[in-house]
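The chain contents come next:
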Amino acid sequence: MTMKNASTPLFFAGIDIGSTAIKVALVNEEGALVGEHTTDSGSLFHKNAQAALQTLLDNNGVERAQVRYLIATGYGRKLFKEADDSISEITANGIGAHEVGKRHGGIRTIINIGGQDSKAIEIDDTGNVVNFAMNDKCAAGTGRFLDVAARNLEIDLEELGDYHFMGTGAPLSINSTCTVFAESEIIGLLASGHGKGEIVAGIHYSIAKRTARLARRVGIDGKIYMDGGPALNKGLVAAIADELEREIVVPDAPQTTTAFGAALLARSEWLADQGQGGGDRVDA
Ligand code: ADP
């Protein structure tokens, strides 16, 4: 659907204020992704969210007034009072994954690992959430665990994926069920001379086992779509694929799919307000 009388192009934005990172995405009148931007959440969520949005607009030569509708999502969404609406990150994730999943023959099962939680989500063939399971009680299956492990191992977070495939031995088992104890366990393994590759692979399998349990709770249908920042880690993705014995599809920009979903919903809510359909989605 295209909009008439648009002498100045219009845009729609989604802002995902996560516990660890703020992600913003911009779509145009046709719902195509125009740009996205990611920054640390820091301690000043609201200020950092405003700055992230401004950076995205500046990077794409878009004025704030051209953004006709903005939806906030994520952990800190209620803080972003200037948003036109807010929705849960589960709903937004479903919409984003559904849209990206069209290029992969359709997606019904999503695994999202974030900075401080992890989720498995089942969506229907329109992207509506029908079921989900969430772990937000324990950091051990989340990005936080990877951040702590990378620091202990003195490896850049971005390099964990490469180390996963470097080990000469089998992945070591990390038995601690709590990040704090796992930290001591990792230091103990290093002190007894184990290689970083085997330790990293062990960490990834420990997260993968937890994630697999979560995914089995919602049920798995077809290919699995994985997003969230830790989906950038190819070693972790391989470990989860191995645990679940399934193909895992990772989008090009996995950290921003939820913001993209919020931007798409912003567009359809705006269209609904203009009497052009859409907008009838139930928040999960
Ligand atoms: P949230 O929405 O909860 O803030 P994100 O989906 O933004 O979480 O994911 C944040 C996590 O992503 C970080 O804790 C970090 O572990 C992971 N991450 C971010 N960038 C990378 C990267 N380049 N490689 C691997 N992991 C990454």
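How each quantity is defined
- Residues numbered from 1 in each chain as written.
- Predicted model: local features only at pLDDT ≥ 70, side-chain atom pairs only at ≥ 80, totals over all residues.
- Heavy atoms only, no water.
- Helix = DSSP H or I, 4+ residues; strand = E, 2+ residues; numbered from the N terminus.
- Rg over C-alpha atoms; globule rule 2.2 N^0.38 Å.
- Contact = heavy atoms within 4.5 Å.
- Areas by Shrake-Rupley, 256 points an atom, 1.4 Å probe, with all protein chains shown as cover.
- Lys, Arg positive; Asp, Glu negative; His and termini not counted.
- Charge placed at Lys NZ, Arg CZ, Asp CG, Glu CD.
- Buried < 20%, exposed > 50% of the residue type's maximum accessible area, 1.4 Å probe, protein only.
- Near = heavy atom within 4 Å.
- Polar contact = N/O pair within 3.5 Å; in protein donor to acceptor, adjacent residues only side chain to side chain.
- 1 Å grid on protein atoms, 1.4 Å probe; cavity = no way out; pocket = protein on both sides within 12 Å on 5 of 7 lines; lining within 4 Å.
- Sits in = over half its atoms within 2 Å of the grid points.
- Pairing = 2+ DSSP bridges.
- Points joined across faces, edges and corners; volume = space filled by probe spheres on them.
- Nonpolar A, V, L, I, M, F, W, Y, C, P; charged D, E, K, R; others polar.
- Axes fitted to C-alpha atoms, helices over the stretch in contact; angles between N-to-C directions.
- Parallel < 35°, antiparallel > 145°, perpendicular 65-115°, else oblique.

A. Local environment of the overall build of the chain. Regarding its fold elements, the chain presents 8 helices and 10 strands. At 20 Å, the chain has a C-alpha radius of gyration in line with the 19 Å of a compact globule built from 284 residues. Taken along its principal axes, the extent of the C-alpha atoms in the chain is 70 × 40 × 30 Å. Sequence separation of at least 24 residues holds for 65% of the intrachain contacts in the chain that already meet a minimum separation of 6. Summed over its atoms, the accessible surface of the chain is roughly 12800 Å², and 48% of this surface lies on carbon and sulfur atoms. Side chains of the chain carry 26 positive and 37 negative charges; the gap between the two charge centres is 3 Å.

B. The environment of A263, seen in detail. Counting through the fold element by element, A263 comes out in helix α8 (residues 257-273). Judged by its relative accessible area of 0%, A263 falls in the buried class. Put simply, A263 and G14 are 249 residues apart on the chain and 3.9 Å apart in space, counted from C-alpha to C-alpha. Residues contacting A263, with those up to four places away along its chain left out, are F12, A13, G14, A25 and V27.

C. Region of interest: the site of the ligand. Inspection of the region around the ligand gives 17 residues, with T20, K23, G115, D147 and Q255 positioned closest. In this structure, Q255 approaches the ligand through a side-chain N or O atom, which is 2.8 Å from an oxygen atom. In isolation the ligand exposes 570 Å². Once the protein is present, 87% of that is buried. Taken atom by atom, the bulk of the ligand overlaps the largest pocket.

D. Looking closely at the pairing of strand β4 (residues 67-73). Here β4 lies mainly inside the structure; 6 of its 7 residues are buried. Two elements, strand β1 (residues 11-17) and β4, share 6 bridges in a ladder whose sense is parallel. Bridging from a neighbouring strand, F11 pairs with V67 of β4. Pairing between β4 and strand β5 (residues 85-86): 2 bridges, direction parallel. Bridge pairing links I71 to D85 in β5.

E. Here's a closer look at the layout of surface pockets. What the largest pocket holds in volume is close to 820 Å³. If you go around the largest pocket, you meet 39 residues; those closest to its centre are G114, G115, G229, P230 and Q255. Among the elements of the structure, β2 (21-28), β3 (33-40), α2 (89-101), β6 (109-113), α3 (143-153) and α4 (160-164) are those that each provide at least two residues to the lining of the largest pocket. Classifying every residue of the lining of the largest pocket by side-chain character gives 10 nonpolar, 18 polar and 11 charged.

F. Inspection of the packing of α3 against helix α6 (residues 196-218) at higher detail. At a closest axis distance of 11 Å, the pairing of α3 and α6 adopts a crossing angle of 170°. Looking at the two axes, α3 sits roughly antiparallel to α6. Listed contacts from α6 to F145, L146, A149 and L153 of α3 are K196, I199, V200, I203, H204, S206 and I207. Across the contact of α3 with α6, the residue classes break down as 8 nonpolar, 2 polar and 1 charged.

G. Structural context of the sheet that holds β3. The strand order across the open sheet formed by 5 strands is β3-β2-β1-β4-β5, and the pairing between neighbours is mixed. Across the chains shown, the open sheet's two edge strands, defined by having one partner strand only, are β3 and β5. The pairing of β2 with β3 spans 7 bridges and is classified as antiparallel. By the bridge assignment, I22 is partnered in β3 with T39. α8 rests against β1, β2, β3, β4 and β5 of the sheet, and its axis sits at about 135° to β1.

So yeah, pure geometry; function would need other evidence.
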